[in-house]
Amino acid sequence: MGWERLLEVARDPVANIRARVEREGRPLAIAMSSYVPLEVLDAFGCSAVRWGPVCEDFPRADGVMQAYACSFIRSALEMLLSRNLPARLVATASGCDVITAVPGMLSVARPDLATAHLRLPIRVDGAPARQQAVRALVAFCEEVRERLGAPLDLNRLDQAARIRQEVRSRIAACFAGLASGTFSAVPAYGAALAAQSMAPEEWLAAFPGASALPSGDGVPVLLSGETVPSLEVIEELQSLGLRIVADDTNTAAREASRRVHLEASDLVEAIAVSLADRPWHSPERLVPDRPAAVAARAREAGARAAILLHQKFCDPCAFEAPGLAAALREVGIPSLVLELDRQRGLTGGQRTRVQTLLESLP
Ligand code: SF4
């Protein structure tokens, strides 16, 4: 139990998912975007997980998709094509091109696998975005119902929304503790990574509650990016002398920032609105002041540098990087892009670049 269990799951999420499916005996639903609300998949009676890990070799995925797609999606496809996990449903959300193409690819490569796509608005501010999010989530629920042949259980949705929100709140608190020094990065990211694949009840039972393992020394940095591919990356960054004090990744603080109005009369609508109103969006949504907001968070947390952790071929990150780097520079924070490909950790060259950045700081 406790940290040991959370870190064990964070290091080997696939083994945990396999054991969980066997234990729970429910259909496995895999979400491939932080914008797919797992509580909805819980309420369809699924064991719901978010895909996160990156593997180093994906021969089957290479056979069905173009070469310029990120390793995150290739890894997920490899796992599905190799039937390494007993998936029943794959849920995607509109965002980047590659994720939007996944249902089409699976319809050819794994026609036995059900898919459902959440067509969220790209521009997320204002009332029209919320209305579109509600329409999209209702259509998504209908698609899941048809594909699984199971109804949405509203009682289960209420319980799932509450418990998942509790998990997100505790993860957000871990990351808030990075800046104040009451938490260090490895347990914080371990908790976030474990939450992607554990049942929320099990996660809450394992989560130690009180803040522990305070942060050590190191140069304070912001970590931004889509997917944290493994806990090893965090450990490597720490071993190079960095101390992560602010997070802007989908794996952690972005997803954990979503809040559902749990007392709303229509919970499906409230969940949809929470997706449009998520405070910390990803670069695949149109949020005009995102770079300035990220830079402000970095400055408030006391970051002296920023690491932009990109998946190779990730267009949203690549398009955002110059604006984000400029916004960070304006508040006196230099940044470094580390582009990860088929690897769970950093290459020797990337480690050297991090060291060079640290040496160049005033
Ligand atoms: S890492 Fe980038 S390219 Fe890959 S699925 Fe996420 S947003 Fe799309």
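Residues numbered from 1 in each chain as written. Predicted model: local features only at pLDDT ≥ 70, side-chain atom pairs only at ≥ 80, totals over all residues.

Caption draft 1: Region of the structure containing the environment of Arg 50. For Arg 50, the position within the fold is in strand 2 (residues 47-50). For Arg 50, a count of 22 C-beta atoms within 10 Å gives the class buried. Residues Arg 50 and Thr 251, spaced 201 residues apart in sequence, show a C-alpha to C-alpha distance of 9.4 Å. The residues touching Arg 50, leaving out its near neighbours within four places in the chain, are Ala 31, Ser 34, Leu 38 and Gln 196. (Helix = DSSP H or I, 4+ residues; strand = E, 2+ residues; numbered from the N terminus. Buried ≥ 20, exposed ≤ 12 C-beta atoms within 10 Å, placed from the backbone. Contact = placed C-beta atoms within 7 Å.)

Caption draft 2: Geometry of the pairing of strand 5 (residues 219-225). When you tally the buried positions in strand 5, you get six out of seven residues, the bulk of the element. Two strands pair when backbone bridges link them, and strand 5 and strand 6 (residues 242-249) are joined in this way by seven bridges, in the parallel orientation. From the neighbouring strand, Gly 225 faces strand 6, where its bridge partner is Thr 249. Considered for its hand, the β-α-β crossover made up of strand 5, helix 11 (residues 231-239) and strand 6 is right-handed. In this structure, strand 5 lies alongside strand 7 (residues 305-311), joined through five bridges in parallel fashion. Bridge pairing in strand 7 places Leu 222 opposite Ala 306. (Pairing = 2+ DSSP bridges. Right-handed = clockwise from strand over helix to strand, strands pointing away.)

Caption draft 3: Region of interest: the domain arrangement of the protein. Entries for the protein in the domain assignment read domain 1 (7-153) and domain 2 (215-360). On a C-alpha basis, the centroid separation for the pair domain 1 and domain 2 is 22 Å. With 32 residues of domain 1 at the contact, the number on the domain 2 side is 31 residues. Among the elements of the structure, helix 1 (2-11), helix 3 (38-43), helix 5 (71-81) and helix 7 (127-148) are those that each provide at least two residues to the side of domain 1 that touches domain 2. Per-element accounting of the side of domain 1 that touches domain 2 gives the leading share, eight residues, to helix 7. (Domains from an automatic or database assignment.)

Caption draft 4: Broad picture of helix 9 (residues 185-197). Taking 1.5 Å per residue, 13 residues should reach 18 Å; helix 9 reaches 19 Å between its end C-alpha atoms and fits that length. All of the buried residues in helix 9 are Ala 185, Pro 187, Ala 188, Tyr 189, Gly 190, Ala 191, Ala 192, Leu 193, Ala 194, Ala 195, Gln 196 and Ser 197. (Expected span 1.5 Å × (residues − 1).)

Caption draft 5: Main features of the nonpolar core. By size, the foremost hydrophobic cluster in this structure holds 64 residues, and its most contacted members are Ala 31 and Ala 91. Taken domain by domain, the makeup of this core includes at least three residues from each of domain 1 (7-153) and domain 2 (215-360). Ala 195, Ala 295, Leu 328 and Leu 338 belong to the second-largest nonpolar core, a separate cluster that totals 56 residues. (Core = buried A, V, L, I, M, F, W, Y, C linked by C-beta atoms within 7 Å.)

Caption draft 6: Looking closely at the packing of helix 9 against helix 11. At a minimum axis separation of 10 Å, helix 9 and helix 11 run at an interaxial angle of 170 degrees. Here helix 9 is positioned roughly antiparallel relative to helix 11, judged by the angle of their axes. Where helix 9 approaches helix 11, its residues Ala 185, Val 186, Tyr 189, Gly 190 and Leu 193 are matched on the opposing element by Leu 231, Ile 234, Glu 235 and Gln 238. When its residues are assigned to classes, the contact of helix 9 with helix 11 shows six nonpolar, two polar and one charged. (Axes fitted to C-alpha atoms, helices over the stretch in contact; angles between N-to-C directions. Parallel < 35°, antiparallel > 145°, perpendicular 65-115°, else oblique. Nonpolar A, V, L, I, M, F, W, Y, C, P; charged D, E, K, R; others polar.)

Caption draft 7: Highlighting the site of the ligand. Around the ligand sit 15 residues, and of these Cys 70, Cys 96, Glu 226, Gln 311 and Cys 314 come closest. Put simply, the parts of the chain that give the shell around the ligand at least two residues each are helix 5, helix 6 (97-109) and helix 15 (315-330). Examining the composition of the shell around the ligand, we find that three residues originate from one element, helix 15, more than from any other. Grouping the constituent residues of the shell around the ligand by class yields nine nonpolar, three polar and three charged. Formed jointly, the shell around the ligand draws a minimum of three residues from each of two domains, domain 1 (7-153) and domain 2 (215-360). (Near = placed C-beta within 6 Å.)

Caption draft 8: Region of the structure containing helix 7. Between its terminal C-alpha atoms helix 7 stretches 32 Å, which fits the 32 Å expected from 22 residues at 1.5 Å a residue. If you follow the buried residues of helix 7, they end up packed against helix 3, strand 3 (87-93), strand 4 (114-118) and helix 13 (267-276).

Caption draft 9: Just the pairing of strand 1 (residues 28-31), in detail. Neither face of strand 1 is left uncovered, since the one carrying Leu 28 and Ile 30 and the one carrying Ala 29 and Ala 31 both have all their residues buried. Traced from strand 1 through helix 3 to strand 2, the parallel crossover comes out right-handed. Pairing of strand 1 with strand 3, which is carried by four bridges, proceeds in the parallel orientation. Each residue of the ladder has a partner; that of Leu 28, found in strand 3, is Ala 87.

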